[in-house]
Amino acid sequence: GAVVSQHPSRVICKSGTSVKIECRSLDFQATTMFWYRQFPKQSLMLMATSNEGSKATYEQGVEKDKFLINHASLTLSTLTVTSAHPEDSSFYICSARDPDTRTDTQYFGPGTRLTVL
Amino acid sequence: GQQVMQIPQYQHVQEGEDFTTYCNSSTTLSNIQWYKQRPGGHPVFLIQLVKSGEVKKQKRLTFQFGEAKKNSSLHITATQTTDVGTYFCAGPSGGYQKVTFGTGTKLQVIP
């Protein structure tokens, strides 16, 4: 299946700093990528849809100024958590759909575990 | 908005026993997908069902899509310790390519 990578896999930062997470589709081009957040023992919650060459679409309740998304190329989307606070600590996962498969299958990156001190 | 619920939330089984998780959507789905997330890992796609009443098998796993296309089930026969993880169903949620994930069922297999 399609491969999606994420970097970094784990990050610890101080409160008030910004953290950038990268999501790459390695063997296919993704015009659309998705960013999810998963709290412990909970399901995946969609944060935003990242669209190549245009603005991201945010889900209700997600602050667009806090979670900056940039999708500058067909293989790279970045999520920047600005002025991070301890409540932003979570598991952030990106996904992309391989347009060649003609299915809705989502291929997930390995995730980034963010801890804000 | 659309809600996708799964039951049970947790299930502990003895190795060799069967396991079933049920998925119910508040809206009719064009398709249903199933994912498995191992502890500490990310969701991995298992299968997609599209047709009403469809049944698909993958070795010991049997997936079923309800006639009304609002519910689905995953049945594992003779569980093994490698089956441990959280199983999520997911369905299209209206937006372009967006999916809504179910609440998940965490399976523990006791050796």
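Whatever comes next refers back to the structure up there.
Everything numeric here is computed off the predicted structure, so don't read it as measured data.

Caption draft 1: Here's a closer look at the environment of Tyr92(A). All names here are of chain A. Summarising the element assignment, Tyr92 is placed in strand S9 (residues 90-97). Note on Tyr92: relative accessible area 0%, which makes it buried. The spatial distance from the C-alpha of Tyr92 to the C-alpha of His7 is 11 Å, given a sequence separation of 85 residues. Once residues within four sequence positions are removed from consideration, Tyr92 is found in contact with Gln6, Ile21, Tyr36, Arg37, Met47, Phe67, Leu79, Gly111, Thr112 and Leu114. Within polar-contact distance, the side chain of Tyr92 engages the backbone oxygen of Asp88 at 2.6 Å.

Caption draft 2: Region of interest: the pairing of strand S6 (residues 55-58) of chain B. Residues and elements named next belong to chain B. When S6 meets strand S7 (residues 61-65), the two strands line up antiparallel, connected through four bridges. Looking at the pairing, Lys56 lines up with Phe63 of S7. If you look at the hairpin formed by S6 and S7, you'll find two residues sitting between the two strands, and Lys59 has a positive phi there, around 55°.

Caption draft 3: Expanded view of the interface of chain B and chain A. With 19 residues of chain B at the interface, the matching set in chain A holds 21 residues. Across the interface of chain B and chain A, roughly 1,700 Å² is buried in total on both sides, 52% from carbon and sulfur atoms. At the junction of chain B with chain A, the criterion picks out one salt bridge. Residue Lys98(B) pairs with Glu59(A) through a salt bridge whose shortest N-O separation is 2.8 Å. Of all elements in the fold, only strand S4 (32-37), strand S5 (43-49), strand S9 (85-92) and strand S10 (99-101) of chain B reach the threshold of two or more residues within the side of chain B that touches chain A.

Caption draft 4: Examining the sheet that holds strand S1 (residues 4-7) of chain B more closely. Residue and element names in this part refer to chain B. The strand order S1-S3-S8-S7-S6 describes an open sheet built from five strands, whose pairing is antiparallel. Single-partner strands in this sheet number two, and they are S1 and S6. Each neighbouring strand pair of the sheet contributes to a mean axis angle of 15°, computed without reference to strand direction.

Caption draft 5: Seen up close, the sheet that holds strand S3 (residues 19-25) of chain A. Residues and elements named next belong to chain A. Taken together, four strands build an open sheet; the order of strands is S1-S3-S8-S7 and the sheet is antiparallel. At either end of the open sheet lies a strand with only one pairing partner, and these are strand S1 (4-7) and strand S7 (67-73). Adjacent strand axes in the sheet meet at a mean angle of 15° when their direction is disregarded. The sheet contact formed by S1 and S3 spans four bridges and is antiparallel. For Gln6, the partnering residue across the bridge sits in S3 and is Cys23.

Rules of the game
- Residues numbered from 1 in each chain as written.
- Chains lettered and ligands numbered in written order.
- Predicted model: local features only at pLDDT ≥ 70, side-chain atom pairs only at ≥ 80, totals over all residues.
- Heavy atoms only, no water.
- Helix = DSSP H or I, 4+ residues; strand = E, 2+ residues; numbered from the N terminus.
- Buried < 20%, exposed > 50% of the residue type's maximum accessible area, 1.4 Å probe, protein only.
- Contact = heavy atoms within 4.5 Å.
- Polar contact = N/O pair within 3.5 Å; in protein donor to acceptor, adjacent residues only side chain to side chain.
- Pairing = 2+ DSSP bridges.
- Buried area = accessible area lost by both parts, 1.4 Å probe.
- Salt bridge = Lys/Arg side-chain N within 4 Å of Asp/Glu carboxyl O.
- Axes fitted to C-alpha atoms, helices over the stretch in contact; angles between N-to-C directions.

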